[in-house]
Amino acid sequence: MTSIIPARTAPARVRPGSSGTGPARTVAAPLAPRARLLPSLAAVYRAQLSRARVARIPLLFVATFQSVGIMVLMRGVVDGGSEARAVVAGSSVLVVAFVALNLLAQYFGQLRAGGGLDHYATLPVPPAAVVLGAAAAYASFTVPGTVFTAITGSVLFQLPMTHLWVLVAVVPLSGAALAGLGAALGLLAPRPELATLLGQLGMSAALLLGVLPADRLPEPVGWARDLLPSTYGVEALARSFDARPDWGVIAFFLAICAAVGVLSLAVATWAYRRAAVR
């Protein structure tokens, strides 16, 4: 009887022996090629961006309003100089921390608790694409708020806006570092409530350690500030407000931020693999 299964969909083919009378051999059909990282990353990014667009816009407004309000409050305490540059830079990067760290920790915590990781595990998508795609989508929401906060702060404290183009590097690098940290916190937390708590604590650390001038912090707190991924983006942006910026120092801080971003995203990818197999 003739088979009605097409040859291309059959899992295996039976091939007779070479002499025609020997035992039959089973030859496995070729498997489909593995999904490549970049196309998978683009697909996850588009899906996350369209899913979160409506829900995250109000939260982005809250993050921007929060950062602008902090600068208005600090205006009564800080007159200008290096302290004003630190306040504006820290408030601008705080928008990134609110979305990329806080909200991403909550998202992955809920995804793990609700079984959403099982859905991604069944897709032919590399784990790195899931983490990078979600992190890039959440970081993309920070761009308008960060730019608006930096411009408002520059006007409020009378800082030059000539070199605000540094945000082109500060936003994605700080966003990658904070998003990787947020994803790792959400994936490693045993309960979604704990993931939300860790995300809130991380954002509070970015607020206190990033907005306050570094020279006014106690020395032990300054050590904790050096461990925060967003610190180096804040330092790079703050130095871009100088009349004659030291581009070597700015590039150094951006390089550290990039290295921390790669490390945090690698940890988040490991945490995703660990959570997906449980």
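Quick caveat, the model's predicted, so the values are computed rather than measured.

Each value, and the rule that gives it
- Within each chain, residues carry numbers counting from 1 in the order of the written sequence.
- In keeping with the model being predicted, local features are shown solely for residues with a pLDDT of at least 70 and side-chain atom pairs are shown and tallied solely at 80 or more, while totals for entire chains, interfaces and linings include all residues.
- Side-chain measures were taken over the full set of non-hydrogen atoms in the model, leaving aside hydrogen atoms and water.
- Helix and strand definitions here come from DSSP, where helices need a minimum of 4 consecutive H or I residues and strands a minimum of 2 consecutive E residues; each element is numbered from the N-terminal end.
- Classification of residues uses two cut-offs on accessible area relative to the type maximum, computed with a 1.4 Å probe and protein chains only: under 20% is buried, over 50% is exposed, and between them is partly exposed.
- In this description, contact between two residues means that some pair of their heavy atoms is separated by no more than 4.5 Å.
- Note on areas: Shrake-Rupley with a 1.4 Å probe; residue coverage comes only from the protein chains shown.
- Definition used for salt bridges: Asp or Glu carboxyl oxygen within 4 Å of a side-chain nitrogen of Lys or Arg.
- Candidate patch residues must exceed 30% relative accessible area and have no salt bridge, after which like charges are joined if within 9 Å and Val, Leu, Ile, Met, Phe, Trp or Tyr side chains if within 5 Å.
- Put simply, a nonpolar core is a bunch of buried Ala, Val, Leu, Ile, Met, Phe, Trp, Tyr and Cys residues held in one set by side-chain atoms that sit within 4.5 Å of each other.

(A) Up close: the overall build of the protein chain. When helices and strands are counted, the protein chain shows 10 helices and 2 strands. Start at the N end of the protein chain and walk to the C end: the helices and strands fall as β-β-α-α-α-α-α-α-α-α-α-α. Taken over 278 residues, the protein chain has a buried fraction of 45%. Put simply, 79% of the contacts in the protein chain that link residues at least 6 apart link residues at least 24 apart. Within the structure as shown, the protein chain displays about 14700 Å² of accessible surface, and the carbon and sulfur contribution to it stands at 67%.

(B) Spatial organisation of the pattern of salt bridges. Tallied over the full model, the rule gives 4 salt bridges. With a closest N to O distance of 3.0 Å, Asp242 and Arg85 form a salt bridge. Taken together, the residues span a long stretch of sequence, with Asp242 in the loop between helix H9 (231-239) and helix H10 (247-276) and Arg85 in helix H2 (residues 81-113) at a distance of 157 residues. One salt bridge in this structure joins Glu235 and Arg225, with 2.8 Å as the shortest N-O distance.

(C) Region of interest: the environment of Leu60. Residue placement: Leu60 occurs in helix H1 (residues 37-75). Overall, the relative accessible area of 12% leaves Leu60 in the buried class. Not counting the four nearest positions on each side in its chain, Leu60 is found in contact with Val95, Val99, Phe141, Thr142, Pro144 and Gly145.

(D) Inspection of the side chain of His163 at higher detail. Assignment of secondary structure puts His163 in the loop between helix H5 (142-156) and helix H6 (167-188). Those residues within four positions of His163 in sequence are excluded, and the remaining contacts are Ser240, Asp242, Pro245 and Trp247.

(E) Layout of the side chain of Ser240. By the element assignment, Ser240 lies in the loop between H9 and H10. The exposure class assigned to Ser240 is buried, which follows from its relative accessible area of 2%. What Ser240 contacts, discounting residues up to four positions off in sequence, is His163, Val166, Pro245 and Ile250.

(F) Highlighting a nonpolar patch on the surface. Residues Val143, Val147, Ile151, Val155 and Met161 make up a contiguous nonpolar surface patch of about 380 Å² in total accessible area. Within the secondary structure layout, Val143 lies in helix H5. Taking relative accessible area as the criterion, Val143 reaches 38% and is therefore assigned partly exposed.

(G) Spotlight on H9. Buried residues dominate H9, accounting for 8 of its 9 residues. Where H9 is concerned, the buried positions are Thr231, Tyr232, Gly233, Val234, Glu235, Ala236, Leu237 and Ala238. Against the buried residues of H9 lie H2, H6, helix H7 (192-211), helix H8 (219-227) and H10.

(H) Representation of unusual backbone geometry. Phi at Gln158 is positive, roughly 55°, even though this residue is not glycine. Exposure remark for Gln158: the relative accessible area of 70% places this residue in the exposed category.

(I) Quick look at the nonpolar core. In terms of nonpolar packing, the biggest core is built from 69 residues, with Leu104, Phe108 and Phe157 touching the most fellow members. Among the elements of the structure, H1, H2, helix H3 (116-122), helix H4 (127-140), H6, H7, H9 and H10 are those that each provide at least two residues to this core. Setting aside its immediate chain neighbours within four residues, Leu104 contacts Val99, Ala134, Ala135, Tyr138, Ala179, Gly182 and Ala183.

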